[in-house]
Every structure is written in structure tokens, then in C-alpha cells.
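# Working through the structure, step by step
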Amino acid sequence: MQHLLSADDLSAATATEVLDTAGELANVTGREVKKLPTLRGRTVVNLFYEDSTRTRISFEAAAKRLSADVITFSVKGSSVAKGESLKDTALTLQAMGADAVVVRHGASGAPHRLAGWLDGSVINAGDGTHEHPTQALLDAYTMRARLGRLAGLKVAIVGDVLHSRVARSNVRLLHTLGADVTLVAPPTLLPVGVSAWPATTSYDLDAVLPDSDVVMMLRVQRERMGDSYFPSVREYARRYGLDAPRVRRLPEHAIVMHPGPMNRGMEIAPEVADSPRSTITEQVANGVSVRMAVLYLLLGGKG
Amino acid sequence: MATSKAAQTTSKTAQTPSEGAPTTPKTILSGADLQRVIDRIAHQILEKTEGALDTVLLGIPTRGAPLARRIAQRIHAFEQVEVPVGVLDVTLYRDDLRSQAPRALGPTELPADGIDGRRVVLVDDVLFRGRTVRAALDALRDVGRPALVQLAVLVDRGHRELPIRADYVGKNLPTALAEQVRVSLAETDGVDAVTIQREG
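From a predicted model like this one, the values you see are computed outputs, not experimental measurements. (Residues numbered from 1 in each chain as written. Chains lettered and ligands numbered in written order. Predicted model: local features only at pLDDT ≥ 70, side-chain atom pairs only at ≥ 80, totals over all residues. Heavy atoms only, no water.)

## Here's the deal with the packing of helix H5 (residues 133-147) of chain A against helix H11 (residues 280-299) of chain A
Residue and element names in this part refer to chain A. Relative orientation of the contacting elements H5 and H11 amounts to 115 degrees, with a least axis distance of 8 Å. Of the two elements, H5 crosses H11, and the hand of that crossing is right-handed. Each of Thr134, Gln135, Leu137, Leu138, Asp139, Tyr141, Thr142 and Arg146 in H5 lies in contact with H11, whose residues at this interface are Glu282, Gln283, Asn286, Gly287, Val290, Arg291 and Val294. A breakdown of the residues in the contact of H5 with H11 according to their chemical character gives five nonpolar, six polar and four charged. (Axes fitted to C-alpha atoms, helices over the stretch in contact; angles between N-to-C directions. Helix = DSSP H or I, 4+ residues; strand = E, 2+ residues; numbered from the N terminus. Left-handed = near helix turned anticlockwise from the far one by under 90°. Contact = heavy atoms within 4.5 Å. Nonpolar A, V, L, I, M, F, W, Y, C, P; charged D, E, K, R; others polar.)

Here it is in C-alpha cells:
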């Protein structure tokens, strides 16, 4: 495998290999020397066309722990502002000898285009409303670490599914790994064609909760929508927000996830976000191990 | 991304053109021989480390790990000394990563008391070019600072590419580069044996 563009690129065996490798690499994080010589002499470029704190820093930390040279390229203040095309930027990176390009782009499909122009590996770090495969991997890793398995888990993904690349990648990967996904959202926030996805859908969060092992709350992406998808923030929070009374409807062992950044008080109540059931900070820590595993498996051997 | 665990350390094969047809595997050590060799290594470690106090055995996956556990068991049987055993995966420290498909990672488990100031005996199945041991020395440096590092191997087949020599050798086995030495252990392969075979 040369690129990681979509959760669909991962077979069950490959995805499990990534999760197992991440598990071994997580031990490095606990060591005094948090560095491995594995990717010495390799160059990883972080190409971020959209603002992102945690994904960019996570990839940067992962590449640095494997001793790769990291170039972080934010579009703000770059020649892209002068009108340089994605292809010309790609050719520049190629000329600089980038072995891997981690790309975040507002347009769905941009990483696929980039993969056609570059000799090295392309890793999709989020493209528009399309996919975010490493987020799905770190979510799967977190579920497996907390609950011990993925096959047969009942996962509810709640909220703005329409605009969520996290939801798309998670549905694909979790289906591959044998979990059952239910998408819970108001009808206006479910994409056209959702019936073809390997997931069930529901408009009623309270009905889904008692039978869920995992509840993954999605951020309401106000920057991607007008106000017309639901009547008001208050109404959305009342019907689809995860608050303490709703959490009490969950089974004892169930966990609460959120890919961040959160709108506290909207899709998730602050006391839920900070409760022991919440895996939000673990997800961030696991993200570094999972991205190390992806970089190792894409770049660690013969390309 | 496809890797297989089996391909990881079992076959320490030369990558030179082979001469002649492949041969059937010839047994070098039977199960009983292997047991005697492990006993001898255990005795030698006891002798050379003055009773194996302050000593830690670190096995290199895959087959070094069960070998290290067996040596520790024999040391305990002979002298009632508990020698801590750990596992040190060296995959991420190899210098030949770029020449083949990515390898699956093995576990790294250090004894609870760590390795700082201890006498560490690295344990592996076959000593060949010396690259694995070099990687192990690098890996050790990242997990602690032993007082002393020694090397125990079941089979030394020669063809070193680095100035590395084992302190404890179960069997010196002169080989041609085209030959393949295979160590099988009950824990990983269901049977104890060391065989040699010319590659096809």
C-alpha cells in the first residue's frame, strides 16, 4: 500500500495491523527517550490548506518521534495565497524530495488528485466533507483499548453526519472491522444516499442509547452550514445533545467519544465531556501512536 | 502494508544467487541436543556472571524470547537464582528497513526493575551478519543503561558484516551464504530442532 486516502483502502487485516503496530508504538510514549531512529533521513511534509491544531500537531509529533524530517506548510502566508495551484505546490514538494505528504484540504478528493502527481506516499488528513481515515483508525484504537474488542460493538454516531468526514471514515472502517454502526441525526443532517452506507439510521437518540457500547458525538460544523438545518441551537441541544440524564441511559460500560474540537453545551454537555466515560483526551494521545503506525507502515519499508 | 510475522526472523537467508538445486533440510540439532545446548549456555552464564546475580536476560523476538525464558528456567533449576527475563523488539532500529516490506512489530517488555546498572545478556536464535545485534544495542540505549551487555546465541553461522562476537554460543555452524539455518522451538513452531538447507 502506497497511500492512505480513504478508510476503504484498509482491509480488516491491514487495519488490524495498523492498530497492533500502534499498540506497540504506544509504549514508546511512556519511555524516557520518546524517539526511534526508524524514519531517519525521510522527509514528511504536512500540507495544511485548512486550519487544524490537533491533527497537524499529532502528525508532526508522530513523524518526529520516528526521526523523520518534518516540514509543516500552512497555506496562510504561502504562495497559494498568490494563486499557486495544488498541482504546482505538489511538484514543488516533489522537487524537494518529500517521501510522504500529509494533506488537509477543504475540497473533497484533493488528496486523491495529489496522489496522482507525487511519487511518494499521500496521507489524507481530512478532505472537505469526504474522509479522515487516521481519525477513524484512532477512534477504533480507542474503542478497542477501552472495550477490548471491535467485532460486534454497537456504535452510535450522533449529530452532523452530513458534513462529517469523521463519520464517513468511521462507518467504513468500523464496518470492515465488524462493528455495528447507527447514525443518529435530524433528517436534514443525514446525507442523500445514506441508505447505501453499511449503517442503520435513526432520528431518535434516546431510543438508541440503552443499546450502545459507544456514543460518538460529532461537532456541529457551523462553518459549513447556514442556519437552515435545524431551528435553533437550543432545540438541537435538547434533541441531540448528550447531557448527564442521557448518559444515565447508557449501559454501565459504555464510553463517550468526540473527535474534537467540541462545542461544549451544544452537542455535548461539559460535565459529560469531562466525565470518566469520556475518551476525548485519550483519543488525542492515541492519535499520535496511530499516526506513527501509519507512517511506519507506509514509509518504514520498501515503497 | 502487508507483512507477515512468520517472515520476520525465522529465515536468516543470504540474498546472494544460490548455487545448485535446493536440498532437503538436514537436522543439525535434535530436540534433545537443543536441550543440552541450552543447559550448557545456562551453566556458562552462571559461571561467567558469578552466579547470575544482577543479570537480566533479554530475548530478541521471535525465537530469542522463548530461548531467554528457557535459559532462565535452567539457571533457576541449577542454582535457584531467579533471573529476570524481558523481550526487546529491534525492528524499529534495523538498518535494512528500506530494503524490504515493512515488518510487523514484536513486543518489548522489560523486567519491572528495568535494566539500569544490570548485566544484560541479549539472547537470539541465529547470529549471522550481526545487523540484528547492532540494532539491539541501539534499542538498549533508548530503554536504559546497562552496566554490561553480553550476547548469547543458539547458533553462530558466521558471515559477519560488523565487528560483533557472541559471549555464549550453543553451536558454531560453518555455512555457505546460500544455505538457510532454521531454528524451530516448541513455543513458536511446535517442535524443537535446528536444520540447515540449501535455498533453491
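## A look at helix H2 (residues 64-79) of chain B
All names here are of chain B. In a regular helix each residue adds 1.5 Å, so 16 residues correspond to 22 Å; H2 covers 22 Å between its end C-alpha atoms and thus fits that length. Considered for burial, the residues of H2 that qualify are Gly64, Ala65, Pro66, Leu67, Ala68, Arg70, Ile71, Ala72 and Ile75. Among the structural elements, helix H1 (31-48), strand S2 (55-59), strand S3 (85-87), strand S4 (119-127), strand S5 (148-156) and helix H4 (186-189) are those in contact with the buried residues of H2. Remark: Gln80 follows H2 within two positions and exhibits a positive phi of approximately 55 degrees. (Expected span 1.5 Å × (residues − 1). Buried < 20%, exposed > 50% of the residue type's maximum accessible area, 1.4 Å probe, protein only.)

## A word on the interface of chain B and chain A
In this assembly, 19 residues from chain B lie in contact with 22 residues from chain A. Taken together, the links from chain B to chain A amount to one salt bridge. A salt bridge links A:Arg31 to B:Asp142; its shortest N-O distance comes to 4.0 Å. Our count for the contact surface shared by chain B and chain A stands at three residue pairs in polar contact (both at pLDDT 80 or more). (Salt bridge = Lys/Arg side-chain N within 4 Å of Asp/Glu carboxyl O. Polar contact = N/O pair within 3.5 Å; in protein donor to acceptor, adjacent residues only side chain to side chain.)

## Some thoughts on helix H1 (residues 12-29) of chain A
Residue and element names in this part refer to chain A. Between its first and last C-alpha, H1 extends 26 Å over 18 residues, near the 26 Å set by a 1.5 Å rise per residue. Within the span of H1, buried status applies to Thr14, Ala15, Glu17, Val18, Leu19, Thr21, Ala22, Leu25 and Val28. Check the buried side of H1 and you find it contacts H5, helix H6 (165-176) and H11.

These results come straight from atomic positions and should not be treated as a statement about function.
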